[in-house]
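# A look at the structure
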Amino acid sequence: MAKIALRLAAFGYLAALLALPVASIFYRAFEHGVIGFWQAVAQPDAIHALWLTLLIAGIAVPLNAVFGVICAHVLVRSHLRWKRILGLLVDLPFAVSPVVVGLALVLLYGNQGWFGPWLAAHGIRVIFALPGMVLATMFVSLPFVVREVVPVMRETGDEQEQAAATLGASPWQTFWKVTLPSIRWGVAYGVVLSAARAFGEYGAVSVVAGRLAGITQTLPLYVDERFESFDLTGAYAASVVLALLALATLFSMNALARKEA
Amino acid sequence: MSIALRGVTKRFDRHVALKDVSVDIESGSLTALVGPSGGGKSTLLRVIAGLERPDSGDVLIDGQTAVDVPVQDRGIGFVFQHYAAFKHMTVWENVAFGLRVRKMRRDAIRERVDHLLHLVQLEGLGGRYPSQLSGGQRQRMALARALAIKPEVLLLDEPFGALDAAVRAELRAWLRALHRDVHVTTIFVTHDQGEAMEIADRIVLINRGHVEQTGTPRELYERPANPFVMSFIGPITQLGDAFVRPHDIDVRNIPAESSLEAMVQRIVHLGFEVRVDLMLADGRGAWAQMTRDEVDQLELRLGQIVYVRSSRETRFHSDLPSHAVLGNAG
């Protein structure tokens, strides 16, 4: 009896909070049939927003993967005293509101910001342009690779790396042939999570993007703009595309988890 | 290839793992670094390998200073206690690793790996992953992997520590035979003095970060430098102020010259060997290792008064024994 009650509680909770809202979006998006949905999605601004979202994730996620592995390596293998501070820094994006992240970037790279004048003088535009949006996305999706790789690396230990060194492998060879294969599932998991976060990021990107339709508008920003303009079909259709992206990442994560087991 | 350490000191935070250690290891020898856990023997091995950098002192490999030579260029084979197998590679790939990073020719690699798998009796298991091997097989794979690069020096860190007794005995004999055939300078770490005595030509006894004594197994057993060495390298008991091996205690029913009176407290039959616990007149305990026949001849019983003396004893004048030292006897 208690078992059934627990299961009902778990399913009810997930249904009310997750499944129902997502299902309602699908329902509303297809309210005017597949053709209505398709017309909404095929808007040039919508297609550009999807392309921009994929582009930003395509830059931010690989960079986070590379630096995430480096950070994890330092966190696990080095004996530095200040590595606790590094650990706290890595977790910062979990704690700081994305809007604050966006504002901080404006303060640094905006026209009135610390680096703003120098950048402007050299014709580099960060805020209201792609670089700022990539930076904001990197900031919020930074912890995932590190947090997934650290426990795997800690559990694996460094004996295999030492063995590789005694066998004549250079540090570079050791990394590619021994370290990376032993943490590959952690990296893959972290990449999937950080991609999901990158696709969906709204707050930080919205501050630095300037949200010019067809130029600096990502998919989440597009959804918001459509919604504000009372184009509900357009908003729901774009939401469905976003949801499908998220579902695809989740399924790939699931597939990875199964492969690992 | 000979190895020498000169005044090597190594600290980990506040713990001094090695203090001012100097050791010479002859080319082609089979040397055991033996001592209690935490005494610094593994650190010494890792310093030789280049896995740890000494804080001060020098490591000479074949007369050349090696402190600044990175691990991968030292040409040493290292076998880890817990195998350090590359889990994502097959047995064959594990053994081939050192040859592949050297960019050796493919057919030469194949030939060498196959030969080594045969040498360690793992032929036919090359396609397996380390997780599909037993502990003994994994350790043999680790040995083959270390030998693949034709090291001038083979270092083994507690190589048989994680294996059960039967496999351990088999691998000991196998290592001894391997050394006879390959004749590479070999150093292994063990906390088991029996293992050291059985396999090694020379023993370096390390305790609390320094070398207590170096010599052949027989020298350490028969001429220990101090009570610690004597107690670590074999059983020890005390008659008065003298340290005695329990098998050197002579037990009789009648007094003899310089014999001490003692009472039999316990008789433990261990097959051929019998352990007799004694209480001396001064209230201190001792024990004698006797044969079954000796005990039968004396008709030893509990509470019986006997007269004991040692046929060979050792006195250490400079270094009086402490209880800690005697605590290691058992």
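This one's a predicted model, so the numbers in the text were calculated from it and none came from an experiment. (Residues numbered from 1 in each chain as written. Chains lettered and ligands numbered in written order. Predicted model: local features only at pLDDT ≥ 70, side-chain atom pairs only at ≥ 80, totals over all residues. Heavy atoms only, no water.)

### Looking at the overall build of chain A
- Regarding its fold elements, chain A presents 13 helices and 0 strands.
- Walking chain A from its N terminus toward its C terminus, one meets helices and strands in the order α-α-α-α-α-α-α-α-α-α-α-α-α.
- Taken over the C-alpha atoms alone, chain A extends approximately 70 × 65 × 30 Å along its principal axes.
- Here chain A holds 261 residues, and 40% of them are scored as buried.
- At a minimum sequence separation of 6, the contacts of chain A that also span at least 24 residues come to 74%. (Helix = DSSP H or I, 4+ residues; strand = E, 2+ residues; numbered from the N terminus. Buried < 20%, exposed > 50% of the residue type's maximum accessible area, 1.4 Å probe, protein only. Contact = heavy atoms within 4.5 Å.)

### Thoughts on the domain arrangement of chain B
- Taken domain by domain, chain B comprises domain 1 (3–227) and domain 2 (235–310).
- Here the C-alpha centroids of domain 1 of chain B and domain 2 of chain B sit 41 Å apart. (Domains from an automatic or database assignment.)

### Description of the packing of aromatic side chains
- All told, the structure shown has 8 aromatic pairs over all chains when counted by the stated rule.
- Aromatic pair Phe78(B) and Phe80(B): ring centres 4.7 Å apart, planes at 50°, arrangement tilted.
- Phe78(B) gets classed as buried once you look at its relative accessible area, which sits at 3%.
- The exposure class assigned to Phe80(B) is buried, which follows from its relative accessible area of 1%.
- Here Phe228(B) and Phe232(B) contribute two aromatic rings whose centre-to-centre distance is 5.9 Å and whose plane-to-plane angle is 20°, an arrangement assigned as stacked. In this pair, Phe228(B) and Phe232(B) both sit in helix 8 (residues 227–233), 4 residues apart, roughly one turn of the helix.
- For Phe228(B), a relative accessible area of 7% translates into the label buried.
- These aromatic residues form a ring-pair network of at least three members: Trp172(A), Phe175(A) and Trp176(A). (Phe/Tyr/Trp six-rings, centres within 6.5 Å; stacked < 30°, edge-to-face > 60°.)

### A word on a positive patch on the surface
- Where like charges cluster on the molecular surface, the positive patch consists of Lys177(A), Arg100(B), Lys103(B), Arg106(B) and Arg110(B).
- Note on placement: Arg110(B) falls in helix 3 (residues 106–119). (Patch = residues over 30% accessible without salt bridge, like charges linked within 9 Å, V, L, I, M, F, W, Y side chains within 5 Å. Areas by Shrake-Rupley, 256 points an atom, 1.4 Å probe, with all protein chains shown as cover. Salt bridge = Lys/Arg side-chain N within 4 Å of Asp/Glu carboxyl O. Lys, Arg positive; Asp, Glu negative; His and termini not counted. Charge placed at Lys NZ, Arg CZ, Asp CG, Glu CD.)

### Details of the pairing of strand 14 (residues 260–270) of chain B
All names here are of chain B.
- Across 4 bridges, the pairing between strand 14 and strand 17 (residues 305–310) is antiparallel. The residue bridging Leu-260 from the neighbouring strand is Val-308, located in strand 17.
- Two strands pair when backbone bridges link them, and strand 14 and strand 15 (residues 273–280) are joined in this way by 8 bridges, in the antiparallel orientation. Bridge pairing in strand 15 links Met-263 to Met-279.
- A loop of 2 residues connects strand 14 with strand 15, the two strands running antiparallel in sequence, and Gly-271 in this loop sits at a positive phi of about 85°. (Pairing = 2+ DSSP bridges.)

### Some remarks on the side chain of Thr53(A)
- Following the sequence through the fold, Thr53(A) ends up in helix 3 (residues 44–77).
- If sequence neighbours within four positions are ignored, Thr53(A) has contacts with Phe199(A), Thr218(A), Leu219(A) and Pro220(A).

### Overview of the packing of helix 4 (residues 83–95) of chain A against helix 8 (residues 143–156) of chain A
Residue and element names in this part refer to chain A.
- Helix 8 packs onto helix 4 with a crossing angle of 130° between their chain directions and a minimal axis gap of 9 Å. Judged on the interaxial angle alone, helix 8 and helix 4 are oblique. For the pair helix 4 and helix 8, the crossing hand works out as left-handed. Contact with helix 4, carried on its side by Gly-87, Val-90, Asp-91, Pro-93 and Phe-94, involves Pro-143, Phe-144, Val-146 and Arg-147 of helix 8 and no other residues of that element.
- Here the contact of helix 4 with helix 8 is composed, by residue class, of 6 nonpolar, 1 polar and 2 charged. (Axes fitted to C-alpha atoms, helices over the stretch in contact; angles between N-to-C directions. Parallel < 35°, antiparallel > 145°, perpendicular 65-115°, else oblique. Left-handed = near helix turned anticlockwise from the far one by under 90°. Nonpolar A, V, L, I, M, F, W, Y, C, P; charged D, E, K, R; others polar.)

### A short note on the pattern of salt bridges
- The tally for this structure, following the rule as stated, stands at 25 salt bridges over all chains.
- With its nearest N and O atoms 3.3 Å apart, the salt bridge here joins Glu31(A) to Arg28(A).
- Look at Arg28(A) and you get partly exposed, because its relative accessible area is 31%.
- Notably, a salt bridge pairs Arg275(B) with Asp277(B), separated by 3.2 Å at the nearest N-O pair.
- A single salt-bridge network, built from bridges that share partners, covers Arg172(B), Asp192(B), Glu195(B) and Glu198(B).

### Describing the interface of chain B and chain A
- Tallying the contact residues gives 22 residues for chain B and 17 residues for chain A.
- Across the chain B-chain A interface, the total number found is 0 salt bridges.
- Our enumeration of links across chain B and chain A arrives at 4 residue pairs in polar contact (both at pLDDT 80 or more).
- When residues of the side of chain B that touches chain A are traced back to their parent elements, those giving at least two are strand 6 (76–79), helix 2 (91–100) and helix 4 (135–148) of chain B. (Polar contact = N/O pair within 3.5 Å; in protein donor to acceptor, adjacent residues only side chain to side chain.)

### Some thoughts on helix 12 (residues 219–228) of chain A
- Taken as a whole, helix 12 of chain A has its buried residues at Leu219(A), Pro220(A), Leu221(A), Tyr222(A), Val223(A) and Asp224(A).
- Among the residues trailing helix 12 of chain A, Phe230(A) stands out with phi positive, at a value near 60°.

### Description of the domain arrangement of chain A
Residue and element names in this part refer to chain A.
- Annotation of chain A at the domain level lists domain 1 (1–30) and domain 2 (34–260).
- The gap between the C-alpha centroids of domain 1 and domain 2 is 28 Å.
- Taken together, the contact between domain 1 and domain 2 spans 5 residues of the former and 9 residues of the latter.
- The contact between domain 1 and domain 2 buries some 700 Å² in all, and 83% of this surface belongs to carbon and sulfur atoms.
- At the junction of domain 1 and domain 2, the tally comes to 0 salt bridges.
- For the interface between domain 1 and domain 2, the tally reads 0 residue pairs in polar contact (both at pLDDT 80 or more).
- Looking at the side of domain 1 that touches domain 2 residue by residue, the class counts come to 4 nonpolar, no polar and 1 charged. (Buried area = accessible area lost by both parts, 1.4 Å probe.)

### Quick look at the sheet that holds strand 10 (residues 210–215) of chain B
Residue and element names in this part refer to chain B.
- Taken together, 6 strands build an open sheet; the order of strands is 6-7-8-3-9-10 and the sheet is mixed. Edge positions in the open sheet fall to strand 6 and strand 10, since each of these has one partner strand only. Neighbour-to-neighbour, the strand axes of the sheet open up by a mean angle of 15°, direction not taken into account.
- As paired elements, strand 9 (residues 202–207) and strand 10 share 5 bridges and run antiparallel to each other. Bridging across to strand 10, Ile-206 finds its partner in Val-211.

### Observations regarding the sheet that holds strand 18 (residues 313–314) of chain B
All names here are of chain B.
- Taken in spatial order, the 3 strands of this open sheet run 11-12-18, and their pairing is antiparallel. In this open sheet, the two strands that pair with only one neighbour each are strand 11 (237–239) and strand 18.
- Where strand 12 (residues 242–244) and strand 18 come together, 2 bridges link them in antiparallel fashion. By the bridge assignment for strand 18, Val-244 is matched with Glu-313.

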